[in-house]
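The residues making up each chain are set out below.
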Amino acid sequence: AQSVSQHNHHVILSEAASLELGCNYSYGGTVNLFWYVQYPGQHLQLLLKYFSGDPLVKGIKGFEAEFIKSKFSFNLRKPSVQWSDTAEYFCAVTEYNFNKFYFGSGTKLNVKP
Amino acid sequence: GAVVSQHPSRVICKSGTSVKIECRSLDFQATTMFWYRQFPKQSLMLMATSNEGSKATYEQGVEKDKFLINHASLTLSTLTVTSAHPEDSSFYICSAQRVGGDTEAFFGQGTRLTVV
């Protein structure tokens, strides 16, 4: 089974600060990579995804992530966070057939106004 | 589009009773649905993969006799927690993938189960 690690469990930032959340996975074969966000009281929603091609992926709400194959990493970034970005962020991986999703433990982001 | 609805959102039950949680894809057909469990401050742990018309595939360590999964139609999967114990208290989330495969999963809002 896959293993997905998110290094930061809780991050507190002020508005306009830059954000980077780490994500590493264990599988050596072809993978598909995702970042999901869960706003308080809401469903998990897809932020962005990577299957192939340009390793720098742009998602919704100004988020982007970079796939670095040699480091088995898929870190999430945003240049300037807003209070409305307060949420929990989950990195997820599937193997090539998109079957099972394996999730990291999540990172809670609090953005102070 | 691609809405997944779980019911109930919260349930409290007594030890020893069984609880059924429903997961419905409202506006699409789902060949595959997944059930996850989320412990406090931990990740979503995949419990089982549910395929329409066939037996569910359980992840290692998940008791199939305790967590009964039925995927009777292309829009409905159910998870029944049998003979519930307090340690079964958790947050259960389902997700669904569309017929023909999809490049993402769509998640239900989750069910908070408390066993007293």
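Use the structure listed above.
Just so it is clear, the model here is predicted, and its values are computed rather than measured. (Residues numbered from 1 in each chain as written. Chains lettered and ligands numbered in written order. Predicted model: local features only at pLDDT ≥ 70, side-chain atom pairs only at ≥ 80, totals over all residues. Heavy atoms only, no water.)

Q: For this particular structure, what's the right way to read the overall build of chain A?
A: A count of helices and strands for chain A gives zero helices and twelve strands. Seen in sequence order, chain A has helices and strands lined up from the N terminus as β-β-β-β-β-β-β-β-β-β-β-β. Radius of gyration (C-alpha) of chain A: 13 Å, near the 13 Å computed for a compact globule of 113 residues. Its C-alpha atoms give chain A principal-axis dimensions of roughly 40 × 25 × 20 Å. Burial statistics for chain A: of 113 residues in total, 48% are counted as buried. For chain A, restricting intrachain contacts to residue pairs at least 6 apart in sequence, the fraction spanning at least 24 positions comes to 55%. (Helix = DSSP H or I, 4+ residues; strand = E, 2+ residues; numbered from the N terminus. Rg over C-alpha atoms; globule rule 2.2 N^0.38 Å. Buried < 20%, exposed > 50% of the residue type's maximum accessible area, 1.4 Å probe, protein only. Contact = heavy atoms within 4.5 Å.)

Q: Hey, could you run me through the state of the cysteines in this one?
A: This structure, assessed with the given rule, holds two disulfides over all chains. The disulfide partner of Cys23 of chain A is Cys91 of chain A, and the gap between their sulfur atoms is 1.9 Å. Between Cys23 of chain A and Cys91 of chain A the sulfur-sulfur dihedral comes to about -65°; the bridge is accordingly left-handed. Pair noted here: Cys23 of chain A is in the loop between strand E3 (19-21) and strand E4 (24-25) and Cys91 of chain A is in strand E10 (residues 87-95), with a separation of 68 residues, a long-range link. Note on accessibility: Cys23 of chain A and Cys91 of chain A belong to one class, buried. Bridging Cys23 of chain B to Cys94 of chain B, the disulfide has an S-S length of 2.0 Å. Since a negative S-S torsion denotes a left-handed disulfide, the Cys23 of chain B-Cys94 of chain B link at about 80° is right-handed. With Cys23 of chain B in strand E3 (residues 19-25) and Cys94 of chain B in strand E9 (residues 90-98), this residue pair connects regions lying 71 residues apart in the sequence. By relative accessible area, Cys23 of chain B is classed as buried at 0%. (Disulfide = S-S within 2.5 Å.)

Q: Teacher, can you tell me more about the pattern of salt bridges here?
A: Two side chains with opposite charge may pair up if their charged atoms get near one another. A full pass over the atoms with the stated rule returns six salt bridges over all chains. A salt bridge links Lys78 of chain A to Asp85 of chain A; the shortest N-O distance between them is 2.9 Å. For the pair formed by Lys78 of chain A and Asp85 of chain A, the shared burial category is buried. Here Glu22 of chain B and Arg24 of chain B are joined by a salt bridge, their closest N and O atoms 3.5 Å apart. With relative accessibility at 24%, the residue Glu22 of chain B sits in the partly exposed group. Among the charged side chains, a network of salt bridges with common partners joins Lys58, Glu64, Glu66 and Arg77 of chain A. (Salt bridge = Lys/Arg side-chain N within 4 Å of Asp/Glu carboxyl O.)

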